[in-house]
Amino acid sequence: MENNENNLQPQSGAEYDASSIQVLEGLEAVRKRPGMYIGSTGERGLHHLVYEIVDNAIDEALAGYCDHIEVDILPGDIIRVRDNGRGIPVDIQKKMGLPAVTVVFTVLHAGGKFGGSGYKVSGGLHGVGSSVVNALSTYLEVEVDKDGKRYYQKFERGVPVEDLKVIGDTDRTGTIVTFKADPEIFTDTTSYDYDTLLTRLREQAFLNAGIKITLTDQRKDAQSGSIEERQDVLHYEGGIKSYCEFLLSKKRSEALSDDVIYIRGEKGDAIVEIAMLYNTGYDTNIISFANNIHTVDGGTHESAFKTSLTRVINNYARQFKMLKDNDANFKGDDVQEGLIAVISVKLTDAQFEGQTKAKLGNTYIGTLVSGAMSKDLTDYLESNPSIAKAIVNKVMSASTAREKAQKARELERAKNSGIGRTRMPDKLADCISRDNTRTELYIVEGDSAGGSAKVGRDSNFQAILPLWGKMLNVEKARIDKVYGNEKLTPVVIALGTGIGDTFDITKLRYDKVIIMADADVDGAHIRTLLLTFFFRYMPQLIETGHVYLAQPPLFEVRKGKIKKYAYDEAQRDAFIKELGGNTTVQRFKGLGEMKAELLWETTMDPDFRTMLKVTMDDAQKADAVFSVLMGDEVEPRRKFIEDNAQYAEDLDI
Ligand code: 1YM
């Protein structure tokens, strides 16, 4: 463009001054760093050129002078945008000594400086307008129909190739801009995607009720070579209400009510408009705009909408007793389920925040939105009780579903006890060491035994997990529903391995898993249950030799200061004989009766205790016993009890 400097002709004797040089430097800056002005030089940036030009036409429409905008994709991916507005002014602008239209297309940021329509920010991503498009186009032509004449000027890569001139007469008014994106800049592609343009133009047509936008594709079909026009006419008198209906039509769900709720508020120059429609679906579709720019990251208008919606619906539900005094309030997620909402605000001093500048920052807009919602939405609900009822019912079921899902998630977390850092069971008195080659877990029957074990243990490496309550009958058949089993879940969590398919021996938190139960029928129950459970759900634990049975003594044989502990009757008798007369014998009724110190000495001290290592054989036997005890067949159960008559009196089957 260096060679074209001479084409920027000063008008009517004005000197070639500093501002002209600024213009050239400005355009050069745009071509050097196009990303700064249009976001990218990829497909997005390319389409952005169209939006920039269309935005000016939309501004003209918002100012009330234009109602039809035509966008044509011509063969060769040339874009032509036409409007029927006043036409860009052609009179000489004093400061530059150039026609205003020339300034618009050559001076960076010129767009907003001429006053005019109030919401000039509508210029897409950065709002820099026509001069940027011009700078990034191999050529651009502008035609202005105004005062009975057609004006024309052509530019190449932003620089005028001739002065603005009159090329004929006309009886219409408006502006026509035709340009070709520069492939030197848009190195990926200069080919437009019809649907991308359609989506954006449709959005603009919704946001600016009444404006008609026609999109036409006149490019040759790549395969057939024929020109097969594709055209969409976008024209929505209903504005953002129509937008909600359109968004609904893209879903499988149905509307909860026929009409779209419409809310509007105004203060000074600021306007807020909200359209909302509940549907039978479950997803939420809230989209917000500020000055027709999609605020993808929300902002004050969107947050205020969400907060107010929750408040208004809760208030309504309470007022009409659909929420009782004891019921918790609905949450944001509840009131947003199945909601389609479009929020559009217009303001003169929009502040866009965040990395992408797609978040509205003006706080007073939030206040305006809240005020409008409180008043209009409350009014609407009160004057449409059947719709209000349908909405509250929908919100109520969302709330119930959310609570259920929450419970399910908690259960799921308990299930996946081997994964990640899981909260250990409350009853577990864990050991200090995390060296799982030497740590031990004692699974103890009953709280009182658990108490002695806790006091007696060496807490450096011994952990205690008490299990309590009756096992077998209460738990009948529930071993298959291990997940919900309140006795087995703590075991699974404490072990850390997970169960079944997800069992992972490397996650085992202890070297030895020791079942410590009384030698009576309840002790037998708990042993059977645990061994069956390990056998069925974590056989590897047994195969790798991690499971043990503690052997608490049954008798204390005493003579003077000498104490001996016997683990069965034969041993007891042998001790009596050995000590020779005057012995006292005490039978331990259960672990719970043993003092902590004694439990340590006899059963838990690794230097003196005896333990049985459980084999797969033992576990299989336990499983068989369990099946008999739990099975539906009465006869084998009766026989088992007979065969094990010494337990029969206690068994409660
Ligand atoms: C196809 C693109 O740019 N239309 C358009 C732009 C302008 C006007 C009308 C316009 C604005 C004003 C007064 C005003 C612009 N004018 C300027 C500037 N279509 C398209 N249509 N008269 C006409 O804002 O006061 C910038 S854009 F600065 F020259 F006034």
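Would you explain the pairing of strand E12 (residues 261-267) in this entry?
In the case of a regular strand, side chains alternate between the two sheet surfaces. Examined bridge by bridge, E12 and strand E13 (residues 270-278) share seven bridges and lie antiparallel to one another. By the bridge assignment for E13, Ile-263 is matched with Ile-274.

Whenever I open this one, the packing of helix H13 (residues 488-495) against helix H14 (residues 521-537) confuses me. Can you help?
Two numbers describe a pair of packed helices, the interaxial angle and the distance between the axes. The interhelical angle for the contact between H13 and H14, taken along N-to-C directions, is 55 degrees, at an axis separation of 12 Å. One way to sum up the angle between H13 and H14 is to call them oblique. For the pair H13 and H14, the sense of crossing is right-handed. Taking contact as the criterion, the partners of Leu-488, Val-491, Val-492 and Leu-495 in H13 are, on H14, Leu-529, Leu-530, Phe-533 and Phe-534.

What am I meant to see in the sheet that holds strand E24 (residues 562-566) here?
As summarised here, the arrangement of the three strands in space is E24-E23-E25, forming an open sheet in which the pairing is antiparallel. The sheet is open, and its two borders are formed by E24 and strand E25 (584-587), each paired with just one other strand. Ignoring strand direction, the axes of neighbouring strands in this sheet form an average angle of 20 degrees. Pairing analysis gives five bridges linking strand E23 (residues 555-559) to E24, with the strands arranged antiparallel.

Hey, could you run me through the pattern of salt bridges in this one?
Side chains carrying opposite charge are able to pair once their charged atoms draw close together. Applying the stated criterion across every chain, the model contains 32 salt bridges. Glu-184 serves as the salt-bridge partner of Arg-31, at 3.5 Å between the closest nitrogen and oxygen. You can see Arg-31 sitting in helix H1 (residues 18-32) and its partner Glu-184 sitting in the loop between strand E9 (174-181) and helix H6 (194-207), a full 153 residues away along the chain. A cluster of three or more residues bridged by salt bridges with shared partners is formed by Arg-31, Arg-157, Asp-182 and Glu-184.

What am I meant to see in the packing of helix H3 (residues 43-62) against H6 here?
Where H3 contacts H6, the axes come no closer than 11 Å and their chain directions differ by 25 degrees. Taken as axis vectors, H3 and H6 run roughly parallel relative to one another. H6 is crossed by H3, and the crossing has right-handed handedness. Along its contact with H3, which presents His-47, Val-50, Tyr-51, Val-54, Asp-55 and Ile-58, the element H6 presents Thr-196, Leu-197, Arg-200, Leu-201 and Gln-204. Residue composition of the contact of H3 with H6, grouped by class: six nonpolar, three polar and two charged.

Honestly, the side chain of Ser-452 in this entry has me stumped. Any pointers?
For Ser-452, the position within the fold is in helix H12 (residues 447-456). A relative accessible area of 10% means that Ser-452 is categorised as buried. Apart from the residues within four sequence positions on either side, Ser-452 is in contact with Leu-591, Gly-592, Met-594, Ala-596 and Leu-599.

Rules of the game
Think of each chain on its own: its residues are numbered from 1, step by step along the sequence as written. Only residues with pLDDT of at least 70 get local features here, since the model is predicted, and only at 80 or more are side-chain atom pairs given and counted; chain-wide, interface and lining totals rely on the full set of residues. Calculated side-chain values reflect all of the structure's heavy atoms, with hydrogen atoms and water omitted. One requirement defines pairing of two strands: DSSP has to find at least two bridges between them. In this description a helix means any DSSP run of H or I spanning at least four residues, a strand means any run of E spanning at least two, and both kinds are numbered starting from the N terminus. In this description, a line fitted to the C-alpha atoms serves as the axis of each element, helices being fitted only across the stretch in contact, and the angle between N-to-C directions of two axes falls anywhere from 0 to 180 degrees. Here roughly perpendicular refers to angles of 65 to 115 degrees, roughly parallel to angles under 35, roughly antiparallel to angles over 145, and oblique to all remaining angles. By convention, the crossing between two helices is left-handed when the near helix turns anticlockwise from the far helix through less than a right angle, and right-handed when the turn is clockwise. Any two residues whose heavy atoms approach within 4.5 Å are treated as being in contact. The term salt bridge refers to a pairing of a side-chain nitrogen on Lys or Arg with a carboxyl oxygen on Asp or Glu at a separation within 4 Å. Classes in brief: Ala, Val, Leu, Ile, Met, Phe, Trp, Tyr, Cys and Pro nonpolar; Asp, Glu, Lys and Arg charged; the others, Gly included, polar. Under the scheme applied here, a residue whose accessible area is under 20% of the maximum for its type counts as buried, over 50% as exposed, and between as partly exposed, the area being computed with a 1.4 Å probe on protein chains only.

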